[in-house]
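# Structure at a glance
Next come the chains, spelled out residue by residue.
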Amino acid sequence: MNSAIRTYDLTKVFRGAPALDRFSLDVPEGSIYGLVGPNGAGKTTTIKVLMKILAPTRGRSEVLATDSRLLGPRDFAQIGYVSENQELPEWMTVRYFLRYLAPFYPTWDDALERELLRLFQLPLDQKLKDLSRGMRMKASLASSLAYRPRLIVLDEPFTGLDALVRDQLIESLLARAEGTTIFLSSHDLGEMESFASHIGYLEEGKLRISEELESLSARFREIVLTFDAPPEPPRELPADWLHLEIAGPVVRFVDTRYHPDRFAELARSVFPTYRDMAVNGMPLRAIFVALAKKGREAR
Amino acid sequence: MRQALWILRKDIRRMRPRIAVVWLLMAAAAVLDSAAGRHPQLANMRGFLLLVVLAQWFLVISVVHEDRLPGDRQFWITRPYSWKSLLLAKGLFVVLFVSLPTLLDHVLALAVNGFSPLHYLSALLWEEAGLAVGMLFVLALAALTANMVQIVLVALGYYLVLILGTAFAMRARAPVVLALGSAQPVETVFNWAIAALFAGLACRRQFSKRDTWRASVLFVFGLLLLLPFNAIVPWDTAFHLMATRLPAVDSTAVRLESDPGHKVGAGATHPEEGRIAIALPIRVIGIPDGMEVYSERVKIALHAADGADWNSALDPYNVIQDRALEPEAVYRRLPGKGEPYWLTANIDKSFCHYHGDEPVHVHATVAFIMLGRAQTTAVSRWGEPQAIAGEGICELSKREATVGALCISPLRKPALTVIRFEPLPSGYPNGLVSLDHPPAGSSDLGGFGIWRVVQSGIMTAPPEPFAMSIEVRQAVAHFERELDMSGIRLKEYQEP
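Residues numbered from 1 in each chain as written. Chains lettered and ligands numbered in written order. Predicted model: local features only at pLDDT ≥ 70, side-chain atom pairs only at ≥ 80, totals over all residues.

### Observations concerning the overall build of chain B
Using the following cut-off: We count a stretch as a helix when DSSP gives it H or I for four or more residues in a row; a strand needs E for two or more, and each element gets its number in order from the N terminus. Using C-beta atoms placed from the backbone, we call a residue buried if 20 or more other C-beta atoms fall within 10 Å of its own, exposed if 12 or fewer do, and partly exposed for counts in between. Each residue gets a C-beta atom placed from its backbone, and two residues are in contact if those atoms lie within 7 Å.
Per the secondary structure count, chain B includes nine helices and 18 strands. Counting every position in chain B, which comprises 496 residues, the buried fraction comes to 40%. Within chain B, residue pairs in contact and separated by at least 24 positions form 77% of the contacts whose partners lie at least 6 positions apart.

### Section: the overall build of chain A
Of regular secondary structure, chain A possesses ten helices and 14 strands. When the backbone C-alpha atoms are referred to their principal axes, chain A occupies close to 70 × 40 × 35 Å. Look at the contacts in chain A between residues 6 or more apart in sequence, and 71% of them connect residues 24 or more apart.

### A word on unusual backbone geometry
Residue and element names in this part refer to chain A. At Lys 52, a residue that is not glycine, the phi angle is positive and equals roughly 65°. With respect to the helices and strands, the residue Lys 52 is situated in the loop between α1 (43-50) and β4 (58-63). Non-glycine residue Glu 156 carries a positive phi angle of around 45°.

### Examining the nonpolar core
Stated precisely, the cut-off is as follows: When buried Ala, Val, Leu, Ile, Met, Phe, Trp, Tyr and Cys residues are joined through C-beta atoms within 7 Å, the set is termed a nonpolar core.
Counting residues in each nonpolar core, the largest one holds 117 residues, and the members touching the most others are B:Val60, B:Leu139 and B:Ala140. Broken down by element, the residue count for this core peaks at twelve residues, all from helix α4 (residues 121-144) of chain B. Contacts of B:Leu139, omitting those with residues within four sequence positions, involve B:Val60, B:Val64, B:Lys90, B:Val94 and B:Cys203. Counting residues in hydrophobic clusters, the runner-up holds 75 residues, among them A:Leu20, A:Met92, A:Leu131 and A:Val153.

### Concerning helix α3 (residues 83-112) of chain B
As a reminder of what qualifies: Expected span of a helix: the number of residues minus one, times 1.5 Å.
When the terminal C-alpha atoms of α3(B) are compared, their 42 Å separation across 30 residues agrees well with the 44 Å that a helix rising 1.5 Å per residue should span. A positive backbone phi angle near 85° is found at B:Gly114, which sits one or two residues after α3(B).

### Section: the interface of chain B and chain A
Accessible area lost upon the coming together of the parts serves often as the stated size of an interface. What counts is decided by this rule: Charged residues are taken to be Asp, Glu, Lys and Arg, nonpolar residues to be Ala, Val, Leu, Ile, Met, Phe, Trp, Tyr, Cys and Pro, and polar residues to be all remaining types, Gly included.
Contacts between the two partners involve 14 residues from chain B and, on the opposite side, 20 residues from chain A. Considered class by class, the residues forming the side of chain B that touches chain A number five nonpolar, four polar and five charged.

### Focus: helix α7 (residues 212-225) of chain B
Residue and element names in this part refer to chain B. Quick note on the threshold: This arc is taken over the directions from the axis of the helix to the C-beta atoms.
Across its 14 residues, α7 extends 20 Å between first and last C-alpha, which sits within 8% of the 20 Å expected from 1.5 Å per residue. Among all positions of α7, only Ala 215, Ser 216, Leu 218, Phe 219, Gly 222 and Leu 223 are buried. Angular distribution of buried residues about the axis of α7 spans 160°; they occupy a single face of the element.

### A short note on the confidence of the model for chain B
Residue and element names in this part refer to chain B. How we decide: Per residue, pLDDT measures the predictor's confidence, with a range of 0 to 100.
Per-chain confidence: chain B averages 83 in pLDDT, with 85% of residues scoring 70 or above. When mean pLDDT is taken per element in chain B, α3 scores highest with 95 and strand β14 (residues 432-436) scores lowest with 62. Predicted confidence for residues 325-330 stays below pLDDT 50, and this span has 13 contacts to residues more than four positions away or in other chains. Both scores are given for the predicted complex: the pTM is 0.85, the ipTM 0.85.

### Focus: the sheet that holds strand β5 (residues 66-67) of chain A
Residue and element names in this part refer to chain A. What counts, and what does not: Any two strands between which DSSP finds at least two bridges are classified as paired.
What the four strands build is an open sheet, ordered β2-β1-β4-β5; its pairing is antiparallel. At either end of the open sheet lies a strand with only one pairing partner, and these are β2 (17-28) and β5. Here strand β1 (residues 3-14) runs beside β2; their pairing, made up of eight bridges, is antiparallel. The residue of β2 that forms the bridge with Ile 5 is Val 27.

### Some words on the sheet that holds strand β9 (residues 198-203) of chain A
All names here are of chain A. Inclusion rule: Helix axes are fitted only over the stretch in contact, all axes being lines through C-alpha atoms; the angle between N-to-C directions runs from 0 to 180 degrees.
Spatially, six strands are ordered β6-β7-β8-β3-β9-β10 in an open sheet, and the strand pairing comes out mixed. The strands lining the two open edges of the sheet, one partner per strand, are β6 (79-83) and β10 (206-212). Across the sheet, the axes of successive neighbouring strands diverge by a mean angle of 10°, strand direction being ignored. With five bridges joining them, β6 and strand β7 (residues 151-155) adopt parallel strand pairing. Bridging across to β7, Ile 79 finds its partner in Leu 151. Where α1 meets the sheet, it contacts β3 (32-36), β7, β8 (181-186) and β9, and its direction lies at approximately 145° from that of β7.

### What to know about the domain arrangement of chain A
Note the following rule: All domain edges in this entry derive from an automatic or database-based domain assignment.
When its domains are assigned, chain A resolves into domain 1 (3-216) and domain 2 (221-281). The gap between the C-alpha centroids of domain 1 of chain A and domain 2 of chain A is 41 Å.

### Observations concerning the confidence of the model for chain A
Mean pLDDT for chain A: 88, with 99% of residues reaching 70 or above. Helix α3 (residues 94-101) of chain A holds the highest mean pLDDT among the elements of chain A, 96, whereas helix α10 (residues 284-298) of chain A holds the lowest, 78.

### Notes on the environment of A:Ser61
Residue and element names in this part refer to chain A. In this fold, Ser 61 is placed in strand β4. On the basis of neighbour count, Ser 61 is assigned to the buried category, with 25 C-beta atoms found within 10 Å. For the pair formed by Ser 61 and Leu 25, sequence separation is 36 residues and the distance between their alpha carbons is 8.8 Å. When residues no more than four places from it in sequence are discounted, the contact partners of Ser 61 are Arg 6, Thr 7, Leu 10, Val 49, Leu 50, Pro 56 and Ser 68.

### Re the environment of B:His478
Residue and element names in this part refer to chain B. Tracing the backbone shows His 478 in strand β18 (residues 475-489). Taking the number of C-beta atoms within 10 Å as the measure of exposure, His 478 has 26 and is therefore buried. For the pair His 478 and Asn 44, spaced 434 residues apart in the sequence, the C-alpha separation amounts to 30 Å. Apart from the residues within four sequence positions on either side, His 478 is in contact with Ser 182, Phe 239, Met 242, Ala 243, Leu 246 and Ile 369.

### Structural notes on the packing of helix α1 (residues 2-35) of chain B against α3(B)
The description of two helices packed together rests on the angle between their axes and the distance between the axes. All names here are of chain B. Put simply, the rule reads: Relative orientations are named as follows: roughly parallel for angles under 35 degrees, roughly antiparallel for angles over 145 degrees, roughly perpendicular for angles from 65 to 115 degrees, and oblique for any other angle. When the near helix sits turned anticlockwise from the far one by under a right angle, the crossing is termed left-handed; a clockwise turn instead gives a right-handed crossing.
Relative orientation of the contacting elements α1 and α3 amounts to 20°, with a least axis distance of 10 Å. On the basis of the axis angle, α1 is roughly parallel to α3. Here α1 and α3 pass one another in a crossing that is right-handed. Residue composition of the contact of α1 with α3, grouped by class: 19 nonpolar, three polar and three charged.

### Brief notes about the pairing of β1(A)
Successive side chains on a regular strand alternate, one facing one side of the sheet and the next facing the other. All names here are of chain A. Count of turn residues in the β1/β2 antiparallel hairpin: two residues, of which Arg 15 carries a positive phi of about 45°. Where β1 lies against β4, five bridges are found, and the strand directions are antiparallel. Its bridge partner being in β4, Ile 5 is matched across the sheet by Val 63.

### Observations concerning the packing of α3(B) against helix α6 (residues 184-209) of chain B
Residue and element names in this part refer to chain B. The interhelical angle for the contact between α3 and α6, taken along N-to-C directions, is 130°, at an axis separation of 8 Å. Looking at the two axes, α3 sits oblique to α6. Note on packing geometry: the crossing formed by α3 with α6 is right-handed. Of α6, the residues touching α3 (which contributes Trp 83, Leu 86 and Leu 87) are Cys 203, Phe 207 and Ser 208. Class assignment for the residues of the contact of α3 with α6 results in five nonpolar, one polar and no charged.

### Details of the pairing of β7(A)
Residue and element names in this part refer to chain A. Within β7, five of the five residues are buried, which leaves it mostly tucked inside the rest of the structure. Neither face of β7 is open: one carries Leu 151, Val 153 and Asp 155, the other Ile 152 and Leu 154, and all of them are buried. Pairing of β7 with β8 involves five bridges; the strand directions are parallel. In the strand pairing of β8, Leu 154 is matched with Leu 184.

### Some remarks on the environment of B:Val418
Residue and element names in this part refer to chain B. Following the sequence through the fold, Val 418 ends up in strand β13 (residues 416-422). Val 418 sits in the buried class, given 23 other C-beta atoms within 10 Å. Taking the C-alpha atoms as reference points, Val 418 and Ala 374, 44 residues apart in sequence, are found 9.6 Å from one another.

Next comes the structure, spelled out in structure tokens:
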């Protein structure tokens, strides 16, 4: 499969401190890629480098097969970028904003524009400066969807929005996801889980995980083993087991490489005396909390 | 181009109120410029012109800041803007709302006051070129900054450097460097070239790469080169360029001769410390009938028998003068009818101390401006402007025992403007009062507004009855002449 975005050892240093550290990423075309991570992890910096807003210190990145440092008008005509921090021309009305942008895009679709306006219920004659935060995001999104971009890049698009607006934006994105690659950053794992096909986990400028959400969810399990009496702590644990806790006759841990066919045998080899075993699926939030804890422990 | 026009349309929509204010001010300036023929004192409203210029700058800065270049949050930087279209849009805005209205104002002022705009076409184009360079500079400054506060800080910083640098230059090398005289147009064109080059490079870098740091380095480097005390073009080089630019009259017949028969005249020089003044009697011959020459700078080289040498630079304080002429403002004018003149030079005091009594060889190099034949207009009315020969308008006023004169001319001023009183009243040895004289009067580039103003101070009115006329002369040639004088005993020519 072709890549919509690829980075090779991407590094960005601000005053000696690395914001991105040899970051290599591959976003398949047509995927919905969610880049998650705590505040300050480097999500916005990644997007700014990809969008040619910042130059990388080392390494390189490709967006739609073009070196991001060389992105030009023809490339930007195929990219929709929306950021929570973007400064819009506040003096423009919603109508003028969209009419102003339309001639810049050869693929601008007036019918789609009307549909988006209807969907988002945007007040056409109101100035952008007078819109609520949610409405501004909608206006920005409408202006980035109306030309059917091949790649949509969203930087924390849902921050500060109420649940209703958030769902509306996600729905409109999903409705137009076919054939389009969506790359978005967020620190809200719940919303990401609902629609991302791929997930990348960024921590302190390093990409810890990057894979399909399905496989990620499939391999992370919370395991609860119950014993008749408190067990002896094992001398050695498999490397893929995290955060083992023994509380009386109950043992809990996270298996990061869970395999239903092999797990029972592996568990028995470590804990030969357990009586019951519960295998629980983990929400994305719990997976990343486990990973973050591991990172902290490692440091 | 379509994208540029689209951005321009957006900018016009956004800037409508500011455009209206600037156009209102420019319309007022146009009314004043057009009315100046009937009321020359209106051409003296420099404060208002400055306000118009500042308003134009504000408009240009605002329109560039509308699509701000520094920063990483502007919506347009991830839109399919072409940098060439963006730059073109801003350039077209400047042309539409600053350059063309200014041109229109000047053409209108010329036509209303009876001057043919076609006759002034090249001067108008030079004026527009200067304005374009200035606007490019403002555009670059706006492209490198994010808001007006930064602009003000840059302006204050530059002003500070200007004050400190000028004070330093005055102490170190002073007026020789600062007084560019008739070479000023060369310096002006050179400065325009520097401004256009560095502002252009900074604009290109900033618009194409949004690389504020490198673009600012280019801009600041250009700014430092433009500081007026730099004088990057040596004066004599500039003078030679002027000589190639203005050979309207053949000056080959003009020669210098020494004239040792004359006594040393009464001195009026004020040599600086470490110098003494000498006055060598000479004649300037071959000046075409009715014309005059004006000595702008003189270089003196002294060579003693024992091999000791000393030479001055081309010094504006060294002159050839006619001491019969007064006041001082016109004393360098040399009509060349065979009168004895004096080459007055400030020379090294210690050289004179050691070699003043022995014969030395003197080599003089004199930079001349030749002034064409006088165009004379008799002044017949007081308090009313009247057209004068030589393309200008003058108004003379008389109040009790004083006389005042104010002359304006479009885009370029005569090299010399003189008021002549006749018959000669006592106290006016030649009946002449100079309103303006070379070299200042020979500069016609880089002026401010359409009118060039020359104005007298208040003169004491001669006793009635007397007639007055105004004479103007244009510079028609720049050239240098050399003179060798042997066996000069400097102490014999020392100023009393």
